[in-house]
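# Inside the fold
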Amino acid sequence: MLPRFCLVFIASHATLSAKTSAIAGLLLLMATTVTWGQCSPGSIICETFGAGPKGALPQGQTNFSYRAIACPNDGEYNVMDTVSARCHGEAWLYVAEDHTPGDVRGNMFVVNASYQPSEFYSQRASGLCPGVTYEFSLWVLNINKVMEPGPCDEFRLRNPIIAMRVEQADGTLIREVVQPAVPRTTTPTWVQLSMQFVIQNNTNDVVVKLINQGLGGCGNDLAIDDIGFRPVHPQLTIQFTGSSATETTVCADTRLALSVGAAAGYPNPAYLWQQSIDNENWTTAPGSGQATYTINPVLVGRTYYRLRNAQPINADAVGRSQCSTESNVLIVNGRPDASFSLGDDILLCEGETETISVPGSLPSGTTFVWSDRSTNRQLSINSPGMYWLETDLNGCMYRDSVEVVSQNCHIDDVYIPDAFSPNNDLVNDQLVVRHAGTFTSYSFRVYDRWGNVLFSTRQAGQYWDGTYKNQQCLTGVYAWTIDYRVVDQLNQEKQYTRSGQVMLVR
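Remember, it's a predicted structure, so these values are computed and weren't measured experimentally. (Residues numbered from 1 in each chain as written. Predicted model: local features only at pLDDT ≥ 70, side-chain atom pairs only at ≥ 80, totals over all residues. Heavy atoms only, no water.)

## A closer look at the sheet that holds strand β14 (residues 256-264)
If you walk across this open sheet you meet the three strands as β12-β14-β17, and the pairing is antiparallel. Where the open sheet ends on each side, the last strands, each with one partner, are β12 (236-240) and β17 (292-295). Taken pair by pair, the neighbouring strands of this sheet meet at an average axis angle of 30°, ignoring direction. As paired strands, β12 and β14 are joined by four bridges and run antiparallel to one another. Bridge pairing in β14 places Leu 236 opposite Ala 264. (Pairing = 2+ DSSP bridges. Helix = DSSP H or I, 4+ residues; strand = E, 2+ residues; numbered from the N terminus. Axes fitted to C-alpha atoms, helices over the stretch in contact; angles between N-to-C directions.)

## Some details on the sheet that holds strand β10 (residues 206-212)
With respect to topology, four strands assemble into an open sheet ordered β5-β10-β7-β8, the strand pairing being antiparallel. Only two strands of the sheet have a single partner each, and these edge strands are β5 (118-125) and β8 (173-178). Adjacent strand axes in the sheet meet at a mean angle of 15°, parallel and antiparallel pairs treated alike. Of the strand pairs in this sheet, β5 and β10 are connected by seven bridges, and their pairing is antiparallel. Looking at the pairing, Ser 122 lines up with Lys 209 of β10.

## A word on unusual backbone geometry
Excluding glycine, a negative phi dihedral is what most residues carry, and trans is how most peptide bonds are arranged. Pro 297 follows Asn 296 through a cis peptide bond whose omega is 5°. Here Pro 297 is to be found in the loop between β17 and β18 (301-310). The residue Arg 373 is not glycine, and still its phi comes out positive at about 70°. Inspection of the secondary structure assignment puts Arg 373 in the loop between β23 (367-370) and β24 (378-381). Assessed through its relative accessible area of 55%, Arg 373 is described here as exposed. Its identity as a non-glycine residue notwithstanding, Asn 424 has a phi of 60°, on the positive side. On the secondary structure map, Asn 424 appears in the loop between β28 (419-420) and β29 (434-435). Asn 424 sits in the exposed class, given a relative accessible area of 67%. (Buried < 20%, exposed > 50% of the residue type's maximum accessible area, 1.4 Å probe, protein only.)

## As for the packing of aromatic side chains
Across all of its chains, the model carries 17 aromatic pairs by this definition. Judged by centre distance (6.2 Å) and plane angle (25°), the ring pair of Tyr 134 and Phe 197 falls under stacked. Taken together, the residues span a long stretch of sequence, with Tyr 134 in strand β6 (residues 133-142) and Phe 197 in strand β9 (residues 190-198) at a distance of 63 residues. Each member of the pair Tyr 134 and Phe 197 is classed as buried. Summarising the aromatic geometry, the rings of Phe 444 and Trp 480 are spaced 6.2 Å apart at their centres and angled 35° between planes, so their arrangement reads as tilted. Of the two residues, Phe 444 is situated in strand β30 (residues 439-447) and Trp 480 in strand β34 (residues 476-487); the sequence distance between them amounts to 36 residues. Overall, the relative accessible area of 0% leaves Phe 444 in the buried class. Take Trp 480: its relative accessible area is 8%, and that puts it in the buried class. (Phe/Tyr/Trp six-rings, centres within 6.5 Å; stacked < 30°, edge-to-face > 60°.)

## Comments concerning the state of the cysteines
Counted under the stated rule, the structure contains four disulfides. Here Cys 71 is linked by a disulfide to Cys 87, with a sulfur-sulfur distance of 1.9 Å. Taking the torsion about the S-S bond as the criterion, the Cys 71 to Cys 87 disulfide, at about -75°, is left-handed. Taken together, the residues Cys 71 in the loop between β2 (65-66) and β3 (76-80) and Cys 87 in helix α3 (residues 87-90) connect sequence positions 16 residues apart. A relative accessible area of 0% places Cys 87 in the buried class. At a sulfur-sulfur separation of 1.8 Å, the disulfide partner of Cys 129 is Cys 323. Here the S-S torsion is close to -50°, and the disulfide linking Cys 129 with Cys 323 is therefore left-handed. Of this pair, Cys 129 sits in the loop between β5 and β6 while Cys 323 sits in the loop between β18 and β19 (325-326), and the two are 194 residues apart along the sequence. (Disulfide = S-S within 2.5 Å.)

## Regarding the environment of Pro 422
Relative to the elements of secondary structure, Pro 422 occurs in the loop between β28 and β29. Sequence separation of Pro 422 and Asp 74 is 348 residues, and the distance between their C-alpha atoms is 82 Å. With residues up to four places along the chain from it excluded, the contact list for Pro 422 reads Asn 428, Asp 429, Asp 465, Gly 466, Leu 504, Val 505 and Arg 506. (Contact = heavy atoms within 4.5 Å.)

Below is the structure:
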């Protein structure tokens, strides 16, 4: 939700007051009427006054009177796309368009200021970020073309002098800037006025005021357009580690490091790395939060990355553009590889041979090689060890391994490893009981060093995952017992009891 800002324009001339009041009114409606015109990038408020017939501003936005006429009088305003040169004895410039060049029927806020200096507009702004610098700006055009003073203005040209004031909600002054008088020119000349201020740490609500300190009556008539309100953050850049490129192409399923570049943004900040597939919709990158970020793995296709960082006081709001600075965007093109899986590790009975095959789903153009450097589609295995298959797709490598363990496959024997590592890497994550036949009865238990039962099951195929009451057990040695019945080759049922120890490794 965009914050609402309190802007106060104090105009001594009716033209400025009305103009400013209209601006304020439209600022309040900015959530539904914003067009981006020529406001600075990142503007929270960007009031351009739209295009075409506009009508009066909402009640309460200004204390000036709306008059739908080409030449408003003192204390009156209009929102229109041109200013007539025939107004008030041809005292005004002819203004053919608003501040935005080529903005067809684009409107500006034209005000004939009141006689005495006065507060022009006031609006409260809530939900700002403490410690952040904000900039308030607008474009002003002095529409008076009479260049010589006369008795009407007491022989002193009356030009707009605008004070920009920011207060806390209780009226405490944060900052005030009195801008130089907006000069008269022989042709329409827009002048930008701006000020910056920092939200105090003890408040996130402010009142922004504009005040015209010049006298009205004769002169001090003006137009206002393109009002902007935006945070001003320090510059932040990111880069590929060791490279100045903004785009790179690498193989998918590899690692790629990103880091803060020459511009570090806020000091001692909170970090938030973001990624996107369309450079518009951004999500938090997995595992982000530091000044460096490793993409692991690189995704197939094009992915965009950027970084936000914020002052510690705004750490909880680092994802908000108001509260954090935003870096440049880096593009990572992930070239696909030929990923695959050889399946689970293999238990090989003594004296037997196992065959593993190249997966049939590899993309066209993929080359491959086995761990023995052969390029056949099958690999025969008759001894324990680690075997792997490596693929190459257009220079992108992918490898998967399988461990072959030899075992005694006698029908009365079971195989229980002496170590396992429940670290969720899908390799040896459970204490598996292997048996070549079928149990007719089964009981398996795991104990800690004090004899407490940590795991118990009567179902073959239900294995211990290294936890007790949903808590991970520590690295160490654990005892186990197994009682089981099997039918031997003579079709006789026999009971066996085995015990041993296993090392849990994390």
